[in-house]
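Below, each chain spelled out in residue letters.
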Amino acid sequence: MSRGRFDAAIVGAGAAGMMAAAVAAQRGLRVVLIDHAGRLAEKIRISGGGRCNFTNLGASPAQFLSRNPDFCRSALRAYGPADFLDLLRAHRVSWHEKHRGQLFCDDSSESIIQVLRRECEAGGVQWRMPCAVRAVGREADGFRLDTDAGPIRAARLVLATGGMAVPQLGATDFSLRIARQFGLRIVEPRPALVPLTFDADRWRPYAALAGVSLEVRLSHEAAAAEGGARDAGPAGAAGTAASSGRGKRSRRPARAEFLEDLLFTHRGLSGPGILQISSYWRPGDPIRIDLAPGRDMGAVLVAAKAGGRQTVAAALAQAWPRRLAEAWLGAAGAAGDGAGAGGGAGMDGRSAAGDGAGPGGGTGADDLAGLGGLRLADAPDRRLRVLGERIHGWTLWPTGTAGYKKAEVMSGGVDTDELDQRSLEARRCPGLHVVGEAVDVTGWLGGYNFQWAWSSGVACGRAL
Ligand code: FDA
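Once a new chain begins, its residue numbering starts again from 1 and follows that chain's sequence as written. It should be noted that, the model being predicted, local features are given only for residues of pLDDT at least 70 and side-chain atom pairs only at 80 or more, the latter also being counted only at that level, while totals for whole chains, interfaces and linings use all residues. As a rule here, side-chain values cover all heavy atoms of the structure and leave hydrogens and water aside.

Turning to the overall build of the chain, a few remarks are in order. Secondary structure counts use DSSP, requiring at least four H or I residues in a row for a helix and at least two E residues in a row for a strand, with both numbered from the N terminus. Looking only at helices and strands, the chain features 14 helices and 22 strands. Two residues qualify as a contact provided that any one of their heavy atoms is within 4.5 Å of a heavy atom in the partner residue. Once local pairs closer than 6 in sequence are excluded, the contacts in the chain between residues at least 24 apart make up 73%. Method for areas: the Shrake-Rupley scheme with a 1.4 Å probe, in which residue coverage is limited to the protein chains shown. On the chain, roughly 18200 Å² of surface is accessible, and the fraction owed to carbon and sulfur atoms is 49%.

What follows deals with the sheet that holds strand E6 (residues 102-105). What makes two strands pair is DSSP finding at least two bridges between them. Read from one edge of the open sheet, three strands run E3-E6-E5, paired in antiparallel fashion. The open sheet has two edge strands, strand E3 (53-56) and strand E5 (95-99), and neither has a second partner. Averaged over all pairs of adjacent strands, the angle between their axes in this sheet comes to 35°, without regard to strand direction. Looking at chain direction, E3 and E6 are connected through three bridges and run antiparallel. By the bridge assignment for E6, threonine 55 is matched with leucine 103. Fitting a line to C-alpha atoms yields each axis, with helices limited to the stretch in contact; the angle taken between N-to-C directions then spans 0 to 180 degrees. Contacts between helix H4 (residues 81-90) and the sheet are confined to E3, E5 and E6, with E3 contributing the most and set at about 140° to the helix.

Take a side-chain nitrogen of Lys or Arg and a carboxyl oxygen of Asp or Glu: if they are within 4 Å of each other, that pair is a salt bridge. Under the defined criterion, the tally for this structure stands at 25 salt bridges. Among the salt bridges present, the one from arginine 185 reaches glutamate 418, with a minimum N-O distance of 3.7 Å. In this pair, arginine 185 sits in the loop between helix H6 (174-181) and strand E11 (186-192) while glutamate 418 sits in the loop between strand E20 (409-414) and strand E21 (432-434), placing the two residues 233 residues apart along the sequence. Accessible area is worked out with a 1.4 Å probe on protein chains only. A residue is then buried under 20% of its type maximum, exposed over 50%, and partly exposed in between. Exposure remark for arginine 185: the relative accessible area of 42% places this residue in the partly exposed category. Salt-bridge contacts for aspartate 201 lead to arginine 204; the nearest nitrogen and oxygen are separated by 3.0 Å. Placement of both aspartate 201 and arginine 204 in helix H7 (residues 200-207) is noted, with a separation of three residues, approximately one turn of the helix.

Attention now goes to the site of the ligand. Throughout, the term near means that a residue has one or more heavy atoms lying within 4 Å of the molecule or strand in question. The environment of the ligand is made up of 30 residues, and the closest members are Ala16, Asp35, Thr172, Glu437 and Phe450. Between N or O atoms, a polar contact is any pair within 3.5 Å; within protein, one atom must be a potential hydrogen donor and the other a potential acceptor, and residues adjacent in sequence are included only when both atoms are from side chains. Alanine 15 has a polar backbone atom sitting 3.1 Å from an oxygen atom of the ligand. Relative to its unbound accessible area of 990 Å², the ligand is 91% covered by the protein chains. Those elements that provide at least two residues to the shell around the ligand are helix H1 (15-26), helix H2 (42-46) and helix H14 (448-463). For the shell around the ligand, the leading source of residues is H14, giving four residues. Split into classes, the residues belonging to the shell around the ligand amount to 13 nonpolar, 13 polar and four charged. As a working rule, the residues Ala, Val, Leu, Ile, Met, Phe, Trp, Tyr, Cys and Pro are called nonpolar, Asp, Glu, Lys and Arg charged, and the rest polar, with Gly in that last group.

Okay, the pairing of strand E10 (residues 150-159) next. In this structure, strand E1 (residues 5-11) lies alongside E10, joined through six bridges in parallel fashion. Residue arginine 5 lies in a different strand from E10, and its bridge partner there is arginine 153. Remark: two residues form the turn of the hairpin made by strand E9 (residues 142-147) and E10, two consecutive strands paired antiparallel. Summarising the sheet, E10 and E21 pair through three bridges and their orientation is parallel. Within E21, the position partnered with leucine 157 by the bridge is leucine 432.

Another point: unusual backbone geometry. Look at the link from methionine 129 to proline 130: it is a cis peptide, with omega at -5°. Checked against the element boundaries, proline 130 lands in the loop between strand E7 (126-128) and strand E8 (133-139). Backbone geometry at cysteine 52 places phi at a positive 50°, although glycine is not the residue there. Along the chain, cysteine 52 turns up in the loop between H2 and E3. With a phi close to 60°, valine 166 is a non-glycine residue in the positive phi region. Within the secondary structure, valine 166 sits in the loop between E10 and H6.

With their axes 10 Å apart at the nearest point, H4 and helix H5 (residues 110-123) run at an angle of 85° to one another. Relative to H5, the element H4 lies roughly perpendicular. Residue-level contacts link Phe84, Leu87 and Leu88 of H4 to Ile112, Val115 and Glu119 of H5. Classifying every residue of the contact of H4 with H5 gives five nonpolar, no polar and one charged. Orientation is classified from the angle alone, with under 35 degrees giving roughly parallel, over 145 giving roughly antiparallel, 65 to 115 giving roughly perpendicular, and any other angle giving oblique.

What follows concerns the packing of H1 against H14. Their axes nearest at 7 Å, the elements H1 and H14 cross at an angle of 30°. The angle between H1 and H14 falls in the class roughly parallel. By crossing handedness, the relation of H1 to H14 is classed as right-handed. Each of Ala15, Ala16, Met19, Ala20, Val23 and Ala24 in H1 lies in contact with H14, whose residues at this interface are Phe450, Ala453, Trp454, Ser456, Gly457, Val458, Cys460, Gly461 and Arg462. Across the contact of H1 with H14, the residue classes break down as eleven nonpolar, three polar and one charged. Each crossing gets its hand from how the near helix is turned against the far one by less than a right angle, where anticlockwise is left-handed and clockwise is right-handed.

Below, the discussion takes up H14. What a helix should span is 1.5 Å times the count of its residues minus one. Here H14 contains 16 residues, and its C-alpha end-to-end distance of 22 Å stays within 8% of the 22 Å for a straight helix at 1.5 Å per residue. By the criterion of burial, H14 is predominantly enclosed, with 14 of the 16 residues buried.

Moving on: the side chain of histidine 220. Structurally, histidine 220 can be placed in strand E13 (residues 213-221). Separated by 3.4 Å, the side chain of histidine 220 and the backbone oxygen of tyrosine 280 make a polar contact.

Phe264, Trp328 and Trp454 are the most contacted members of the largest nonpolar core, which totals 136 residues. Broken down by element, this core gets its largest block of residues, ten residues, from H1. The residues contacting phenylalanine 264, other than those within four sequence positions of it, are Trp203, Tyr206, Leu209, Ala210, Gly211, Val212, Leu214, Leu269, Leu324 and Trp394. Nonpolar core, defined: a set of buried Ala, Val, Leu, Ile, Met, Phe, Trp, Tyr and Cys residues in which side-chain atoms within 4.5 Å join the residues together.

Distances and angles like these do not, on their own, reveal function.
Here it is as structure tokens:
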């Protein structure tokens with residue numbers, strides 16, 4: 001074989017690319033791994049707060065979003081969390097379970113990078129890094145890549161450059177561009193696992209809550225159903241997603257729900273619960289937040305009236321962080337400025353646009369004005385019940401997301417219809433494979449995205 005000619009060229013030495021390279025090279029293939037970055041696998045390095053939440057014990061297709069949620073099944077079955085744990089054991093890397101099946105390294109995420117690097121070296125993978133790929137072309141017997149390190153020819157080409165989240169770490173749309181060049185359809189990419197933002201003026205009353213965090217139940221219902229009858233959705237440990245269509249061609253789930261932490265920020269909402277819901281959210285959709293899941297706050301407040309010399313805000317502060325009780329009640333009451341009734345709390349984007357439509361719940365912000373300072377004993381039961389309804393059904397219309405800069409992943413990507421689910425090979429372009437985040441398969445927060453990277457990388461590496 002002449003110099004510069006390989007069985008497989010893999011562009012992107014991240015989670016999926018290194019896995020595919022190691023598996024293929026250990027099968028005896030001549031593999032070159034190309035990456036434009038100066039430092040290896042930066043996203044693994046920074047993930048999980050530096051400890052890499054590298055898988056989730058409960059990983060199944062139920063925790064993935066895709067135009068075809070079943071697409072990932074075969075790769076996950078062929079190489080699941082237990083297989084990755086076997087690999088870590090072989091390299092003497094120890095781990096612990098943190099929360100709901102999420103596994104993290106005991107030491108640092110660097111140990112995961114070193115496992116993958118050593119696996120690549122065991123197969124004799126050749127590295128071109130840092131090395132940019134200028135152009136890709138098709139030749140009779142494969143692909144030609146024009147790179148900073150000269151031309152590279154390979155029988156097969158693997159696109160493994162991930163998604164566009166965190167461009168400051170060198171993320172690009174390379175895989176999507178090359179896939180398009182070869183005629184593959186792309187599902188519109190968008191930031192996912194990302195904070196949600198609101199109109200600055202309307203958010204101002206809540207900005208004082210920045211830093212407050214609490215466990216909530218978040219739900220999202222697609223504003224416009226995307227066809228098909230509703231299905232009973234799969235249930236996960238932390239949440240559920242009910243699909244809007246049936247079977248293989250189901251589209252965006254009509255309803256998703258998570259019991260997770262919420263974090264107030266200066267610009268809007270973040271925290272694990274919001275990141276989860278953000279993957280389902282589209283502009284124009286409301287999100288609904290139960291700020292006291294599992295309790296009936298209206299009933300609690302009415303019952304507390306008997307011994308009630310305290311104010312409503314003080315009574316709420318027994319169930320919530322004090323700052324939240326005072327500021328949220330004040331802000332929700334201030335929404336009686338005509339911004340919209342019933343849970344809109346001034347965040348009703350449609351009211352802002354002037355169509356006057358008030359969001360769900362049917363309770364007026366006027367009912368909450370001045371309520372926080374009232375003595376519980378003086379507060380009418382009706383107003384306390386309205387407050388309870390608002391606490392359990394705070395309905396908000398985000399105006400946007402914090403974008404790729406703050407997103408953990410990109411959703412969308414190369415349409416799964418274009419790929420064979422066992423080999424990740426493009427049906428209309430034999431020899432071209434796409435793995436990892438560049439494929440329209442997006443996991444929930446909690447280790448699922450790395451598991452997809454390992455599973456799709458192995459499936460591809462075995463098929464090259
Ligand atoms: P990945 O991004 O890993 O690798 C792509 C590689 O391609 C990079 O090395 C990049 O330099 C290279 N590349 C890009 N463009 C190129 C170009 N034009 N030319 C050449 N090379 C190019 N997931 C999870 O399961 N658990 C977690 O704890 C976290 N935590 C987390 C934190 C943060 C801050 C982020 C941003 C993301 C996470 N994730 C996560 C998501 C996870 O990092 C992500 O889904 C996987 O790394 C995707 O693996 P890939 O191999 O597809 O891309």
